[in-house]
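Observations on the model geometry
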Amino acid sequence: MADKLIIFDTTLRDGEQSPGASMNKDEKLRIARQLERLRVDVIEAGFAASSNGDFEAVQAIANAIKDSTICSLSRANDKDISRAAEALKGANSSRIHTFIATSALHMEKKLRMTPDEVFEQAKLAVRFARNLVSDVEFSPEDGYRSDPDFLCRILETVIHEGATTINVPDTVGYAIPELYGNFIKNLRERIPNSDKAIWSVHCHNDLGMAVANSLAGVKIGGARQIECTINGLGERAGNCSLEEVVMAVKTRKDYFGLDLNIDTKHILAVSRMVSQTTGFLVQPNKAVVGANAFAHASGIHQDGVLKARDTYEIMRAEDVGWTANKIVLGKLSGRNAFKQRLLELGVQMESESEINGAFTKFKELADRKSEIFDEDILALVSNESVSQENEQYGFVSLSQHSETGERPQASIVFTVDGKEVKGTSDGNGPVDASMKAIESIVKSGAEMVLYSVNAISGSTESQGEVTVRLQNSGRVVNGVGADPDIVVASAKAYISALNKLHNKSDRVAAQG
Ligand code: KIV
Ligand code: ZN
C-alpha cells in the first residue's frame, strides 16, 4: 500500500497574510467549508492570538468543520498557545502549530535572543501545547537558512517534548529543489527520534520554486505533509500552490507513489471562491486553474485532442472541476434549483434567510442577464458576504452620464450606518466620477493602489468583476464588486474596500 501524503492548507492563515487578502469570519468559514469538501486533511484556520477577529474565525471554523483537522498558528509562548487552544475547543480534531525563528539572522536581528534562549522557549512551548492538545506541530521559522546543527538540537528536543509534526519552512523562498530535499533528508537521518514525527514542507515562492521545492522535500527528504494554499496565495510571491502539488502527485503517481485524500473535482470551485473573495485574480496560463489551462488553441493540438485526448492532455479537465460553460440557471429557475446549485458549488449558507437574500439577488440578476453561469452565482454569493447588514457602507443605486466630448458625471446613493446619503461628482471617466462621488461624502483619504476589471464569464454580456485595492495609514485592503454594469461593479468594489478599511483589526504578523 502507498504511503499517505497529508495536505495542510494554509490559505486562511499564510495566504491571508498577503497584503489586501484579509478575509472576514464569514468569508473564511465559507472557504473552510469548501476546503472540507475538497477533503483537505488539515485546515490552518488562522492565528488565533493575532486579533479578536482571527480568534472568532478560528473558533467558528473549529465549530463548523467536522471532517478536517483544524489548526491555529501560535507563537511559542503560553499566552498565544492558550488562546489557540481556546479557539479550537469545539473542533472534532484540533492541532496547535507553534513556531519560533531559528536562523542566526532572525534570532539576532528580529528576536534579539540567543540560540539557547530560543531553544528553551521552543522546548517549553511544545511541552505546554502538548498538555492542551495531542496534535502539536512545531516550525523553526526560516528553518532552511538555519544552522543544521542547531536545528538538529532543537528538533530532537521538541520531538521528545511531544511534537507530532515537524515542519521545515523555507520562509523566504530561497531554496533550490535538490538542496531543500537533501536538507530535510539530512535532518531526518541525523535526528535520532525523527521517526516519531511526521515531517512537513512549507515553501514560499520568491524564486518561483515553491511547488518544486515541496515535491523535492517529499521525494528526496521523505516529508509526508505539504503546506500549501489555494492559487498559491500568500505573502510576496505566495506559497506553494495546492492545486499544482496535488495534481503533480496524482498525475505522477508512478513517480511519487503516494496516496492523497483530496477530492480533486472541487479544486476549481475553491480556486474561484478564493479569487473572488480576495480579489486576487488567477492568471489565465496558471497551471490547473487558469482559464487557458485546458484550452487547446493551436490547430495541431486541437486536431490531436479530438483524435485522442491524451495526445496533449496529461490531466482530465473534469477531474479538477472544469465543465462546459453551461447555462445553469435562468429567470424561471426556482428557489430549490438555486439552493441545489449552491450545494453543488459547495456554497453552504448558514440560514434560510441568507439563502432567501441570495435568491433575491439572483432573481434581480436574472432579470438583467438572461444566462446565469456558475461563475455568476459564485460572484453573487461572494459579494453577498461583503455586503452584510452590520457594515458601515452599503450600495443603493447609481446613475451616471457620459458623452463624447463632455466630462462624465455620476451620482450615487449609498447608506452610511443605515442612513441613505447621496454624493455627486464629475471625473475623467464614469468610474472615476463614481469613486469621487463616494469620496465626496466619505472623505476616507485612502489611496487607490489597484483597480482591475475582469469579465466573469468571458463575453461582453457577462458580469464585470471589479477589484479595488485601497491603502490608508499602512493598511492595504481589497474590495470586490460584481454587476453587469461595470460602473456599478466599481462602486460596489469601492464600498466593499471602504468597509474593510473601516473594520480595523490590529493584527500581529506571523513573521513580525
Ligand atoms: O513561512 C513561515 O515560516 C511560516 C511559519 C510561521 C510556519 O509561515
Ligand atoms: Zn509561510
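Residues numbered from 1 in each chain as written. Chains lettered and ligands numbered in written order. Predicted model: local features only at pLDDT ≥ 70, side-chain atom pairs only at ≥ 80, totals over all residues. Heavy atoms only, no water.

What the chain contains, in helices and strands, is 17 helices and 16 strands. A globule of 512 residues ought to have a C-alpha radius of gyration of about 24 Å, and the chain, at 24 Å, matches this closely. By its C-alpha atoms, the chain is 75 × 60 × 45 Å across when sized along the principal axes. Going through the 512 residues of the chain one by one, you find that 55% of them count as buried. For the chain, the proportion of contacts with a sequence separation of at least 24, taken over those separated by at least 6, is 67%. (Helix = DSSP H or I, 4+ residues; strand = E, 2+ residues; numbered from the N terminus. Rg over C-alpha atoms; globule rule 2.2 N^0.38 Å. Buried < 20%, exposed > 50% of the residue type's maximum accessible area, 1.4 Å probe, protein only. Contact = heavy atoms within 4.5 Å.)

Per the counting criterion, the structure on display carries 34 salt bridges. In the salt-bridge network here, residues are joined through shared partners; they are Arg13, Asp14 and Glu44. (Salt bridge = Lys/Arg side-chain N within 4 Å of Asp/Glu carboxyl O.)

So, on to the coordination of the zinc ion (ligand 2). With distances of 2.0 to 2.1 Å, the protein atoms coordinating the zinc ion (ligand 2) are Asp14 (OD), His202 (NE2) and His204 (NE2). Written as a sequence motif, the donor residues of the zinc ion (ligand 2) are D-x187-H-x1-H. With Asp14 in the loop between β2 (6–9) and α1 (25–37) and His202 in strand β8 (residues 198–203), this residue pair connects regions lying 188 residues apart in the sequence. Of the two residues, Asp14 and His202, neither departs from the other in class, the shared state being buried. (Donors = N, O, S within 2.8 Å, 3.2 Å for Na, K, Ca; no water.)

Generally speaking, a soluble globular protein has its nonpolar side chains buried in company with each other. Among the nonpolar cores identified, the biggest contains 108 residues, and Leu155, Trp199 and Ile226 are the most heavily contacted of them. Considering every element that reaches this core, the biggest residue donor is helix α6 (residues 148–160), with seven residues. Both domains that meet at this core, namely domain 1 (6–278) and domain 2 (335–384), each give it at least three residues. Every residue in contact with Leu155, bar those within four places of it in the chain, is listed here: Phe138, Pro140, Ile166, Leu187, Ile191 and Trp199. (Core = buried A, V, L, I, M, F, W, Y, C linked by side-chain atoms within 4.5 Å. Domains from an automatic or database assignment.)

Between its terminal C-alpha atoms helix α5 (residues 115–132) stretches 26 Å, which fits the 26 Å expected from 18 residues at 1.5 Å a residue. Turning to α5, its buried residues number three or more, namely Val118, Phe119, Ala122, Lys123, Ala125, Val126 and Ala129. Across the axial projection of α5, the buried residues extend over an arc of 165°, all falling on one side. The secondary structure elements touched by the buried residues of α5 are α3 (78–87), β5 (94–101), α4 (104–111), β6 (136–141) and α6. (Expected span 1.5 Å × (residues − 1). Arc of directions from axis to C-beta.)

Right, let's get into the domain arrangement of the chain. You can read the domains of the chain as domain 1 (6–278), domain 2 (335–384) and domain 3 (393–502). Relative placement of domain 1 and domain 2: their C-alpha centres are 34 Å apart. Of the residues lining the interface, ten residues belong to domain 1; the matching set on domain 2 comes to twelve residues. Considering only the side of domain 1, the residues that lose the most area to domain 2 are Arg30, Arg33 and Gln276, jointly responsible for 50% of the buried surface there. Across the domain 1-domain 2 interface, the total number found is zero salt bridges. Put simply, domain 1 and domain 2 have zero residue pairs in polar contact (both at pLDDT 80 or more) between them. Secondary-structure elements contributing two or more residues to the side of domain 1 that touches domain 2 are α1 and α11 (267–278). (Buried area = accessible area lost by both parts, 1.4 Å probe. Polar contact = N/O pair within 3.5 Å; in protein donor to acceptor, adjacent residues only side chain to side chain.)

By relative accessible area, which is 4% here, His202 ends up buried. Among the polar contacts made by the side chain of His202, one reaches the side chain of His204 at a distance of 3.2 Å. Contacts of His202, omitting those with residues within four sequence positions, involve Thr10, Arg13, Asp14, Asn167, Val168, Pro169, Asp170, Tyr180, Glu227 and Asn239.

If you trace the eight strands once around the closed barrel, you get β2-β3-β4-β5-β6-β7-β8-β9, paired in parallel fashion. The sheet shows a mean angle of 25° between the axes of neighbouring strands, direction not considered. Sheet analysis places β2 next to strand β9 (residues 225–228), joined by four bridges and oriented parallel. Bridge pairing links Phe8 to Glu227 in β9. Its contacts with the sheet put α4 on β5 and β6, and the angle it makes with β5 is roughly 85°. (Pairing = 2+ DSSP bridges. Axes fitted to C-alpha atoms, helices over the stretch in contact; angles between N-to-C directions.)

Now for the packing of helix α7 (residues 177–190) against helix α8 (residues 210–219). Packed helices, taken two at a time, are described by the angle between their axes plus the distance between the axes. Where α7 contacts α8, the two axes come as close as 8 Å, and the packing angle between them is 35°. Taken as a pair, α7 and α8 cross one another with a handedness that is right-handed. Only Ala212, Asn213, Ala216 and Gly217 of α8 make contact with α7, whose side of the interface consists of Pro177, Tyr180, Gly181 and Ile184. (Left-handed = near helix turned anticlockwise from the far one by under 90°.)

Attention now goes to the packing of α1 against α11. Put simply, α1 and α11 touch, their axes get as near as 10 Å, and they point 165° apart. The orientation of α1 with respect to α11, classified from their angle, is roughly antiparallel. With respect to the hand of their crossing, α1 and α11 are arranged in left-handed fashion. Listed contacts from α11 to Glu27, Arg30, Ile31, Gln34 and Leu35 of α1 are Ala269, Val270, Met273, Val274 and Thr277. Considering only residue class, the contact of α1 with α11 consists of six nonpolar, two polar and two charged. (Parallel < 35°, antiparallel > 145°, perpendicular 65-115°, else oblique. Nonpolar A, V, L, I, M, F, W, Y, C, P; charged D, E, K, R; others polar.)

Evaluation of the coordinates by the stated rule reveals eight aromatic pairs. With a centroid separation of 5.9 Å and 25° between ring planes, the pair formed by Phe359 and Phe362 is classed as stacked. Of this pair, Phe359 and Phe362 both sit in helix α14 (residues 352–368), separated by three residues, roughly a single helical turn. Exposure remark for Phe359: the relative accessible area of 15% places this residue in the buried category. (Phe/Tyr/Trp six-rings, centres within 6.5 Å; stacked < 30°, edge-to-face > 60°.)

Let us now look at unusual backbone geometry. In the Ramachandran plot, Val288 falls in the positive-phi region, its phi being about 70° despite a non-glycine side chain. With respect to the helices and strands, Val288 occurs in the loop between α11 and α12 (299–307). Look at Val288 and you get buried, because its relative accessible area is 4%. A positive phi angle, close to 45°, is found at Ser473, a residue other than glycine. Within the secondary structure, Ser473 is located in the loop between β15 (464–472) and β16 (475–483).

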